[in-house]
Every structure is written in structure tokens, then in C-alpha cells.
Amino acid sequence: MLDAHYNPKLVEKGKYDFWKEEGYFTAKECEKPKFSMVIPPPNVTGMLHLGHAWDTTIQDITARYKKAKGFDVLWLPGMDHAGIATQAKVEERLKNEGITRYQLGRENFVKKVWEWKDEYAATIHDQWKMLGLSLDYTRERFTLDEGLNRAVNEVFVSLYEKGLIYRGERIINWDPKLKTALSNIEVLHQDDPGTFYYFRYLLEDGGFLSVATTRPETMFGDVCVVVNPKDERYTSYIGKKVMNPANHEWIPILGDDYVDMEFGTGAMKCTPAHDPNDFLIAKRHHLSMPIILNDDASMNERCSVYQGMDRYECREKLVKQIEKEGNLLKTEAIVHNVGHSERSGEVVEPMLKKQWFVKMTPLAKAALKNQKSEGKVEFLPERFEKIYENWMENCEDWCISRQLWWGHPIPAYYHKKTGEVVVSKNNPGEDYVQDEDVLDTWFSSALWPFSTLGWPEKTKDLERYFPLDIMITAYDIIFFWVSRMMFQSIEFQNVAPFKKCLIHGLIRDSEGKKMSKSSKNGVDPRAVIEKYGVDALRYFLTTSTSPGMDIRYSEEKIQAAENYLNKIWNAARFILLNCEGKEISKEIGKNLGVMERYILSRFQKCVENVTYNMEKYEFANASTHLYNFIYDDFTSWYLELSKVTLKGEDEKKKADVRGVCLYILKGIILMIYPYTPFIAEEIYQALPEHKKSIMLESYPEKEIQYVDENAEHIVEDLKDMIRDVRTFKVEHQLTPNQEVKLKLRQKDLSFDELMPYLKRFSFAKEIEIEKENIDGAKIYRYFDLWIEENVNIEEQKKLLEKEIEKMNQEIKRSEGMLQNTNFLSKAPKEKIESEKKKYAEYMKKKEAYTEQWKRLK
RNA sequence: GGGCAUUUAGCUCAGCUGGGAGAGCAUCUGUUUGACGUACAGAAGGUCGGCGGUUCGAUCCCGUCAGUGCCCACCA
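Notes on the structure in this doc start here. (Residues numbered from 1 in each chain as written. Chains lettered and ligands numbered in written order. Predicted model: local features only at pLDDT ≥ 70, side-chain atom pairs only at ≥ 80, totals over all residues. Heavy atoms only, no water.)

### Structural notes on the pattern of salt bridges
Opposite charge on two side chains allows them to pair when their charged atoms are near.
Item 1. Following the criterion strictly, the structure yields 60 salt bridges and no others.
Item 2. Glu682 serves as the salt-bridge partner of Lys15, at 2.4 Å between the closest nitrogen and oxygen. You can see Lys15 sitting in helix H2 (residues 15–22) and its partner Glu682 sitting in helix H22 (residues 677–686), a full 667 residues away along the chain.
Item 3. With relative accessibility at 8%, the residue Lys15 sits in the buried group.
Item 4. The structure contains a network of salt bridges with shared partners spanning Arg602, Lys605, Asp633, Glu709, Glu712, Glu716 and Lys719. (Salt bridge = Lys/Arg side-chain N within 4 Å of Asp/Glu carboxyl O. Helix = DSSP H or I, 4+ residues; strand = E, 2+ residues; numbered from the N terminus. Buried < 20%, exposed > 50% of the residue type's maximum accessible area, 1.4 Å probe, protein only.)

### Let's talk about the sheet that holds strand E10 (residues 241–243)
Item 1. Ordered in space as E10-E11-E9-E12, the 4 strands form an open sheet in which the pairing is mixed. In the strand order of this sheet, the two ends are held by E10 and strand E12 (267–270), each with one partner. Within the sheet, the average angular offset between the axes of one strand and its neighbour, ignoring direction, is 35°.
Item 2. Pairing between strand E9 (residues 224–227) and E12: 4 bridges, direction antiparallel. Paired with Val225 across the strands is Lys269, a residue of E12.
Item 3. Packed on one face of the sheet, helix H8 (residues 276–284) meets E9 and E12 and runs near 85° to E12. (Pairing = 2+ DSSP bridges. Axes fitted to C-alpha atoms, helices over the stretch in contact; angles between N-to-C directions. Contact = heavy atoms within 4.5 Å.)

### Quick notes on the protein's contact with RNA strand B
Item 1. The immediate surroundings of RNA strand B are formed by 47 residues, with Asn277, Asn570, Lys647, Lys826 and Tyr842 found nearest.
Item 2. Take the atoms of RNA strand B that sit within 4 Å of the protein: sugar and phosphate atoms are 55% of them.
Item 3. Within the contact set of RNA strand B, a base oxygen lies 3.3 Å away from a side-chain nitrogen or oxygen of Tyr258.
Item 4. Separating a sugar or linking oxygen of RNA strand B from a side-chain N or O atom of Arg726 is a distance of 3.3 Å.
Item 5. For the surface near RNA strand B, the elements supplying multiple residues, two or more each, are helix H18 (555–579), helix H20 (619–646), helix H23 (709–731), helix H25 (793–818), helix H26 (821–826) and helix H27 (829–855).
Item 6. Ranked by residues supplied to the surface near RNA strand B, first place goes to H18 with 9 residues. (Near = heavy atom within 4 Å. Polar contact = N/O pair within 3.5 Å; in protein donor to acceptor, adjacent residues only side chain to side chain.)

### Regarding the environment of Tyr699
Item 1. Mapped onto the fold, Tyr699 is located in the loop between H22 and H23.
Item 2. Using a relative accessible area of 3% as the deciding quantity, one classes Tyr699 as buried.
Item 3. With 61 residues separating them along the chain, Tyr699 and Arg760 place their C-alpha atoms 36 Å apart.
Item 4. When sequence neighbours within four positions are dropped, the list of residues in contact with Tyr699 reads Tyr65, Ala68, Lys69, Val610, Thr611, Met614, Leu670, Met671 and Pro674.

### Digging into the packing of aromatic side chains
Item 1. Counted under the stated rule, the structure contains 44 aromatic pairs.
Item 2. Here the aromatic rings of Tyr160 and Trp356 are separated by 6.0 Å at their centres, their planes lie at 65°, and the arrangement is edge-to-face. Of the two residues, Tyr160 sits in helix H7 (residues 146–161) while Trp356 sits in strand E14 (residues 349–358), which places them 196 residues apart along the sequence.
Item 3. The exposure class assigned to Trp356 is buried, which follows from its relative accessible area of 1%.
Item 4. One aromatic cluster in this structure is built from Tyr539, Tyr564, Tyr617, Phe619, Tyr627, Tyr631 and Tyr675.
Item 5. For Arg64, the ring lying beneath its charged end belongs to Trp19, and the centroid distance is 4.6 Å.
Item 6. We note Arg101 situated over the ring of Trp405; from NZ or CZ to the ring centre the distance is 4.8 Å. (Phe/Tyr/Trp six-rings, centres within 6.5 Å; stacked < 30°, edge-to-face > 60°. Lys NZ or Arg CZ within 6 Å of the ring centre and 35° of its normal.)

### Concerning a nonpolar patch on the surface
Item 1. A contiguous nonpolar surface patch, about 340 Å² in accessible area, is contributed by Leu202, Phe208, Trp250 and Leu329.
Item 2. Assignment of secondary structure puts Leu329 in strand E13 (residues 328–341).
Item 3. Taking relative accessible area as the criterion, Leu329 reaches 33% and is therefore assigned partly exposed. (Patch = residues over 30% accessible without salt bridge, like charges linked within 9 Å, V, L, I, M, F, W, Y side chains within 5 Å. Areas by Shrake-Rupley, 256 points an atom, 1.4 Å probe, with all protein chains shown as cover.)

### What about helix H3 (residues 50–68)?
Item 1. Taking 1.5 Å per residue as the helical rise, H3 with its 19 residues ought to reach 27 Å, and the 26 Å between its terminal C-alpha atoms agrees with that figure.
Item 2. By the criterion of burial, H3 is predominantly enclosed, with 18 of the 19 residues buried.
Item 3. A positive backbone phi angle near 100° is found at Gly70, which sits one or two residues after H3. (Expected span 1.5 Å × (residues − 1).)

Okay, structure coming up:
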């Protein structure tokens, strides 16, 4: 028997290991249709946060639901080596020990990172377990494992051979702290305050040009000043020379359409090696491209006395020097967009460097074309498709080489003497050295949907489970990951990697701010689980918002979830207590009482609504339907009403009630099970008849033979009556259990079966049924319910007047519609019919109230 | 500068193709009814951001204005 109180800790204990050991998480080739997904591999950089918990719980619900629906479900787990992020963490740890990675050397450093990886993989496993994720551990992968490395090399070599990967010298984003190149999307742009400096550039034949910049230190790398050839102010200067006030070199004035005449002074300095636009201008005009920064963003040997100085220190000192020389015209405080490294936060420096790139145009084109075909990926919600496409349409070549040690080595080899480049899966020989860089982490993550299934081998798993049925992830990595999985899969598998893509939002703190380490507003899932249990956390995460929207963390809601689970727990306990050792009808549905017919019918509708929403991945809607059924129909009404029978003498009826209760209880816990598997399993195991685990059960199906509209109507009427009596008591300051006398006028409805219920729930001493009009002053409402108690006539009248006024308003509204010829001619038939019905209902009620009002003398 | 989303009860949010405004929490009143006080019964609370338009009818569709949040973008 279930304990008297729901205790999440006791309930959760041992279940995960049980499921895992029984092999319930393992996908098997079998007769069933397959349903496959892969976990977005978490970085091995640290703890999982609430965002992970949310993302994985949605997936777990999906996996468990599909399994219960009869699918052979594969949910493949794994982790990401997270190149930059992990390396940075390990370096930081070493720094605390006073060691740098250079002191360790590459090999030893990488060994240290593997140690780190093992440590954090263990933590992540613990957290997956804590969350109850039904992951197929027999197929777990790591982005840096051997098999995935084969996939990476295969893809790299293939793309290179197709001309879709190239090595080239271009302006890339340089992170001076981590000393590596970054791709465009690893740079976060933010508005920072800055200064716009206006300098005097002396002309060779007298006079000067005013040129403005926010980065004076880059002037050491300037090769010209550019003006728009259409700019009449400057046309005569083109071809002449000006003096760079930083290094006093004479540089030419060129004309180029790129320059915006409206902006600044209309004359722009050009630093080809440190600005993407300047780079393009320099290319057009065949100019030199001097680099002036070292890898740590200090000034290099081209910068005279500033050599070795940090870029900002140089900026400050240089401006002072120029000012001293009388060439600083003015300064202006501005706010401008500055790129920061996503990982280190450092201001990114655009730099001319030789790197490896993926040529995006052909790949993006194919991906976009696929989205217009039958094989398109269905985004949920739909709007994210546009965001994805928009990015695909505008993306630039992807810089994939990183100057790191932790990651997939680039399968490119250089001849020691000739420098010849060989791109190959194997080392071409002793005369060659391998490229020292590694690949962007996302290069390997992009292959995740098929590399984890064994590709490039033709494995059974790949054949059976690919493409995936759904990908579930947050909107902040659509560009990083979703888009890249798409074009790689289309390129190498000729098909999109998944059929659907369910996008969810981000979790925010209770104030609505993004959770982050720096603002220290992060909530540790483990603390929440400790306090409320994982089922409550899972329920909160998956029912608090609609698809695509952010969640605001709310401890109150988690508390509410726990209360809800306690409610289910107690309902189950009540039912089981009443069934223990008693006779239970096996076959329900025959000669049932009206209450049982009612609740069975309501339950079918609940199953229908829940299933409908589960299929659409509308987990919040599905849970709301279930919640309403459980709270209102089942526990607040049916279980209370059923006590009438259970306390009675009729053994057959009692057995029926027990049978119905068990049937519905089982259905309820099967529907709540994907959300809250632990409590569901616990209750399931307590059922008189059950399999070894709830994981072997099937999802409830709607059973049409139990739908009974008539029973629903009858019981709704009864509920109305009971509510009326309750309200009456409150309004007259009677205690709820105050005994009253009821008289009611029997009309078309047969109340006989309802009498015991009405009596018990109204605390009626007696109920008199009048065939005719009743002559009396104590009348209550339209059910023709008379309540003989100390009724304040004036108050009663007022209440009735209020009701009548309400009805009048409804009638007025309804009449307005029904007398409107346009409505009658244009509105759908059903609308008109239902409106007519409503109208009749209002009239009937009004009439009854009015009649009663008249009796109140 | 583009784009996406959002504005509904004190708070957090639902509201499914236009047809009588909902939930949870909070508030107030009452309840030792034998599953649950982590509960039960009731109550109060909203000009659905503003203004136009379409429609017989708009929280819902269109336009516009305003507030909020986010994403993208090479303006020195």
C-alpha cells in the first residue's frame, strides 16, 4: 500500500537503476515502427543547468510517450568535447596551479583535458540519472571518440576534394585571450561606449584632411585614406598623398564607392589587415596589408615605440602624442557596436590570417532547396523555419580552424620542404607534418545525427534509425547547430537529418533575466530536486509555457506541481484503500450507475484531448487537460460522489465503482507518466494487477463505447444543484454542514438515482419532491429547489434580481444576434443553432428566477 | 538599419482556424465531512496596451502608434 504521504525521495529511489538494468531504455530492432532522436550533446565543461534539464525533459517525455504508443524508441546520448570552452576551463584550472599549457606541452595538456572530460562526464551521467532520462546508454557517443573522428575526417577530406573546403588568407575574428580564430557566430556584438577621434592628416601641398576613427592604434597598419569618388569635397584630392599622423608616413588618397559620404568626415582611413571592409578595398586596389598586432593583441614591431604595448594602452598614448603634435582635431563620445568573443568575452580583433574555411554558398543553396521540397524539415513552432532560412541565405564562409590543442586534428599535411599540402585521412609519410590546428567544435557536432549511428560505416543502426524523427533544442543554437546539421546531412546523406525540429525557449530567472554565471542568478537543478523531487521539477519545466517561448523560473510553480502530484498520490491511495481485499468488477461498462457512466465518459474526452496535444508536442496543453480532469471531474466530484455508493450496501455497485476507479486511475497515471515517471511507476506498482514496470504499458486509447452524453448532462445538473445549495449557505452565513430541508419540483428529469447524492452533498435532512407548485416563501433558484431555512427574504430577492439582471443581459446579447438578418443569413448554421439553444436556456432561467422572485412576499 | 516575438485578473501565463474572458499562485470568507489542510467549499478581481479599419459580430484578422524582450547586420 502507498504511504500516507507522498515523499518524492522515497518514490524516486532505485527506480532509475531498475529501468536501466531491465534494458527498458535500449532500442531494439523489432516489429515495432521506430522513433529516433539524439540528445543535443552537452559540453563537458561543467554542471548541467535548468536549461539542460528543460531540454532533456522534453525529450524524455517524447521518448516515453512514443514508447507507450508502441514505437521502438531510440534516444541516443552523448557529450560534446566543446573545444574552446573546455580548453579554456582546463587552462584556468592549470593557472590556479601556476602552470600554463605551454609548460605542459601539447601531449600532456591534452591528457589533462581527457582527465577533465572523464570527471565531468561522470557528473553529467549523475545528472541525467537524477532527471530520469530514458537514454540508451548502450549507444552513448562522444564527439571526440574514434568513430566520430573517422566521420570528421571523411567529411573534411570529401569536402576538400569537392572544393568546398579551402585554406585561405582572409580577415578572421581573433580572440586575443584564447589566441584562436573564431567563426562569425562565435562573436557577440554589443553596444559599447567608445570615442570617435578626429585627426588632422596633412596634405603634401598644404592644408589637411580630417579623418575619424575609433581605433587609432590601427593607424600603424594604414595604407591609404579613402574617399568616395562622387564626393565633390574630395575629388580633387584623389591621387595625392597625406601624412599618417601616427607614424608620419605618406600614404595615398584613393577613391572607392564603399565610402559613405554622409558618415564621419567622408574620408576614411584604411587598415587592410585589421578590418574586413578595408581588406576588400585593399584587394580591389592591390594594396599591401601590413599586420600590426601580435597574437595577444599587443603592438608588433611596426609600431615604433609602442611595440609590445597592449592595444588599449597604445591607443591612449598614441592619441596623446598626436594631440601634442597638434593633429587631434576633436573627440566625440559615441556608442558603437563592438565584437566580443563568445567564450572569453574579450574584444575580438579582426586580423588577416591563414585559416581553413567551408565554402558555404553551395551547401546553403542545397539546404534551402531541400526546405522547398518534400523532404523539408517541419519546424515547431513554424516561425523558426524563417529564422533558419534567413541565416542560410546570408551566411558567409565558415572559418573552421582553431588554434587550440583540444579537438579534432585537421587532416591536412604539409611537406616539410616544399610546403605542399596533402589533405588525407592518413598521414602521407615521414616528410609531412600535420596541420597543428584543430577543427571548430561545431564541425563535429554538425555530423552528430549520423556519425553517432556509425557513419561512415553502413551500420544497421544507421539504416534503421536515420533520419531522426525529431530534433529538440533551444532557439539559441539554431545557427550554431541546427543549420549545420542540415547542410552536412543533406550533403552526405542526401536527406535532412531529422523530420521535425522542435524549438523551445530559454529559462530565465524570476525577474525575467537570462540565467548566467556572471549574474549569479543560476538555479542548480540538484537543489530543486532535493527540495521538491524531480517529478515536480519536470512537471514545472514542461507545462509552464507554450512552444518556442521562454520560461520564467518560479519556485511557487514547482511547489504547485508537487501539490498536484500529492493530489494524485492521495487519490490513488484512496482508491487502493477501497479496493484492498475487496471485490472488483473486471468488466466495467455493463449496467453501471449514472455516476460511473458520467466519469467514464468524461475520461474518454480527457484521453482524446491529451493525446491530441501530445501528438502536436503541445505538452503544456496536454497537461492542462489532464489536470482539469483529475482535479475537477475525478477527485473533486467523482471520488467524492462515489463515497455514496462505497458507504452503501449494494455490493455489486461497490465492485463497479472500484473497477471504474482502477480503470481511470491506471489511465491517469499512464498519461502523467511521461511527465513524472517516478511517481507514476510507484503508483503503477501498487495496482492490484500490473506488469513488471509501467514502461511496459501502452498509452490509454479513447474507448468510444464509454462516451455517454446523457449521463454527463444528468450529472452536470446534479452538480449545479449541489453548487447552488453550497452557494446559498455561504451567502446566508450558514455553515456548510448546516442541515437543510430541500423541496424540489420534479419535472422532466428523473432525479431518483440522484437523490442520495443530493442529500449527502447538501446535508439535507430530507428532500421533498413536489409534483405541483409549492406554496412557500423560501425559494431558491431555477432548479426549483426550495430550501427551508432562515432565509432573509430581502437578501434572497436581491440575489435573484442579480441573477435576473445577468440573464437579461445575456438575452439582450442573444436577441441582438438572432434578430440580425445579416447574422442569420451569413453565420454558419451550427452557430445559429447553438445561439438559439442558448437563448432558450436564458429565457428558461429568467422565467424560473422571476417566478421565484414573485413568490417571495 | 533589418527581422522575430510580446503587451490579457495583483503576479506568472493559457486562450486551438472571429460568436458569451480562463488557470495556477496571491487575496478575502468559511470548513477537525473517515485519500489529501501539500486539502475542501465559496468570493472578489480584467475598458484583453492606445487609435483606426474589415465584419452582422474582433482578445483573435488588417493598418498604425506606444511599451518590453530577443536575434541578425562590415558603417570607419
